[in-house]
Amino acid sequence: MKKDSYKVAVVGATGAVGNMMIKVLERRSFPVKDIVLLASGRSSGRTLEFNGREHPVLELKESSFEGVDIGLFSAGGSISAKFAPCAAQAGCVVVDNTAHFRMDPEVPLVVPEVNPEQIANYTVKNIIANPNCSTIQMLVALKPIHDVAKIKRIVVSTYQSVSGTGKDALEEMLLQSREMANKIDWTKEDGLNKLWTGLKPFRKVDTNVYPHRIAFECLPHIDVFMPNNYTKEEMKMVWETGKILDPTIKVTATTVRVPTFFGHSESVNIETEKKLGAQEARELLRKAPGVKVLDDPSRNEYPLTALAAGEDFTLVGRIREDESIDKGLNIWVVSDNILKGAALNAVQIAEILIRKYL
Ligand code: A2P
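Keep in mind that what you see is a predicted model, and the values were worked out from it rather than measured.

About the cut-offs
- Residues numbered from 1 in each chain as written.
- Predicted model: local features only at pLDDT ≥ 70, side-chain atom pairs only at ≥ 80, totals over all residues.
- Heavy atoms only, no water.
- Salt bridge = Lys/Arg side-chain N within 4 Å of Asp/Glu carboxyl O.
- Helix = DSSP H or I, 4+ residues; strand = E, 2+ residues; numbered from the N terminus.
- Buried < 20%, exposed > 50% of the residue type's maximum accessible area, 1.4 Å probe, protein only.
- Near = heavy atom within 4 Å.
- Polar contact = N/O pair within 3.5 Å; in protein donor to acceptor, adjacent residues only side chain to side chain.
- 1 Å grid on protein atoms, 1.4 Å probe; cavity = no way out; pocket = protein on both sides within 12 Å on 5 of 7 lines; lining within 4 Å.
- Sits in = over half its atoms within 2 Å of the grid points.
- Nonpolar A, V, L, I, M, F, W, Y, C, P; charged D, E, K, R; others polar.
- Patch = residues over 30% accessible without salt bridge, like charges linked within 9 Å, V, L, I, M, F, W, Y side chains within 5 Å.
- Areas by Shrake-Rupley, 256 points an atom, 1.4 Å probe, with all protein chains shown as cover.
- Pairing = 2+ DSSP bridges.
- Axes fitted to C-alpha atoms, helices over the stretch in contact; angles between N-to-C directions.
- Contact = heavy atoms within 4.5 Å.

J.: In this structure, what is going on with the pattern of salt bridges? I would like to understand it.
T.: In a structure, side chains of opposite charge can pair up when their charged atoms sit close to one another. Going through the model one piece at a time under the given rule, you end up with 21 salt bridges. Salt-bridge contacts for R27 lead to D312; the nearest nitrogen and oxygen are separated by 3.0 Å. Placement of the pair is R27 in helix α1 (residues 16-27) and D312 in the loop between α8 (305-308) and β12 (314-321), with a sequence separation of 285 residues. Judged by relative accessible area, which is 44%, R27 ranks as partly exposed. Among the ionic pairs, E283 bridges to R286, the shortest N-O distance being 3.8 Å. Taken together, the residues span about one helical turn, with E283 and R286 both in helix α7 (residues 278-286) at a distance of three residues. Since its relative accessible area comes to 35%, E283 is described here as partly exposed.

J.: Can you walk me through the site of the ligand in this structure?
T.: In the neighbourhood of the ligand, 13 residues make up the surrounding shell, with T14, A16, S40, R42 and S43 lying closest. Measuring from an oxygen atom of the ligand, one finds a backbone N or O atom of G15 at 2.9 Å. At 2.9 Å from an oxygen atom of the ligand is found a main-chain nitrogen or oxygen belonging to A16. Among the detected pockets, the ligand sits in the largest pocket. In the shell around the ligand, the residues fall into six nonpolar, five polar and two charged.

J.: How do you make sense of a nonpolar patch on the surface when you look at a structure like this?
T.: The grouping of L174, F261 and F262 at the surface amounts to a nonpolar patch, some 260 Å² of accessible area in total. Inspection of the secondary structure puts L174 in helix α4 (residues 167-183). Judged by relative accessible area, L174 falls into the partly exposed class, the value being 37%.

J.: I'm lost on the sheet that holds strand β5 (residues 70-73) in this one. Help?
T.: The strands making up a sheet associate through hydrogen bonds between their backbones, and the pairing can be parallel or antiparallel. Taken in spatial order, the seven strands line up as β3-β4-β2-β1-β5-β6-β7 in an open sheet, and their pairing is mixed. The open sheet terminates on both sides in strands that have one partner only, identified here as β3 (47-50) and β7 (127-129). Between one strand axis and the next, the sheet turns through 25° on average, direction left out of account. Packed on one face of the sheet, α1 meets β1 (6-11), β2 (32-39), β3 and β5 and runs near 25° to β3. Helix-sheet contacts for helix α9 (residues 339-357) involve β1, β5, β6 (93-96) and β7, and the interaxial angle to β5 is about 165°.

Right, dumping it as structure tokens:
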């Protein structure tokens with residue numbers, strides 16, 4: 001018999017994504033009968049608010065999933081590797097936000113606007129994977145174009161915010177920025193020389209999270225380097241696009257960490273089999289689920305992280321024909337990496353699960 005409310009566990013409830021998962025469940029009135037908030041032993045004794053009531057944060061244990069219907073996991077890959085199978089064994093359906101199960105052929109990898117039908121295959125392992133944040137927003141924007149014009153190749157460069165690394169990284173960026181802004185002397189009259197000198201001591205600074213200073217810098221390095229000299233983040237975009245959208249699409253990616261707070265931006269260049277004009281693409285995207293088109297250069301209107309933060313929609317703009325090839329487009333895609341890139345996507349999957357399967 002179908003239930004009308006569910007026992008939901010959030011693993012990593014005290015983290016940036018876990019916290020957002022709790023807020024999204026609340027905001028979208030997910031039918032929660034009981035919520036179980038799990039984190040490390042360090043957080044035991046803390047409480048978090050859900051639906052107007054304080055709930056205790058419990059230490060994650062193998063036995064945490066008795067009677068739990070759905071587990072939203074976002075506490076890191078090694079935690080998912082160890083605890084998702086325990087949860088699945090106990091009858092809980094896991095929606096996992098880490099990379100650990102994404103490329104497992106027995107685990108569906110789902111963006112609800114792109115391949116919701118894949119959710120049906122959750123039964124093999126009782127686990128569904130949430131894709132990488134950069135892949136999710138790119139595919140939300142490209143799916144409607146692919147359906148009409150068949151994408152042959154994607155060249156993507158990302159400009160990813162620091163919140164994607166977590167709370168410690170946000171703190172590192174803020175402290176570095178504050179120190180630099182306070183210590184570097186600047187007057188217009190002195191011109192660039194003084195700035196140049198002031199910047200020198202900051203060329204190399206001690207860091208905890210990133211290998212280099214992130215404040216006022218771009219780091220072409222997200223996740224670890226692979227034997228082919230791409231980073232794992234770049235390869236995730238390649239692998240996951242194949243699994244979610246179409247394995248015949250060729251993808252090449254450069255992923256860059258930039259000193260923004262929330263929201264990832266992406267420059268996406270595509271080559272298509274059928275010609276699609278910029279105006280046609282704009283019309284198509286205006287009707288696409290989960291997409292908001294912001295594309296009026298005459299009013300300086302285009303997607304910005306400030307507009308995407310806290311927004312469920314993936315913002316798309318700067319839609320132009322690629323004049324260097326016959327059938328190609330350039331678009332600029334921005335989305336809230338913590339929301340659509342993680343927490344919202346996971347909750348949307350859970351919504352489909354309960355609507356159709358649980
Ligand atoms: P805790 O706050 O107790 O350390 P973020 O990515 O924002 O740093 O969040 C990571 C999340 O994963 C936090 O909720 C954190 O809990 C949780 N976490 C980290 N290590 C463990 C662990 N060993 N067991 C359970 N949860 C963990």
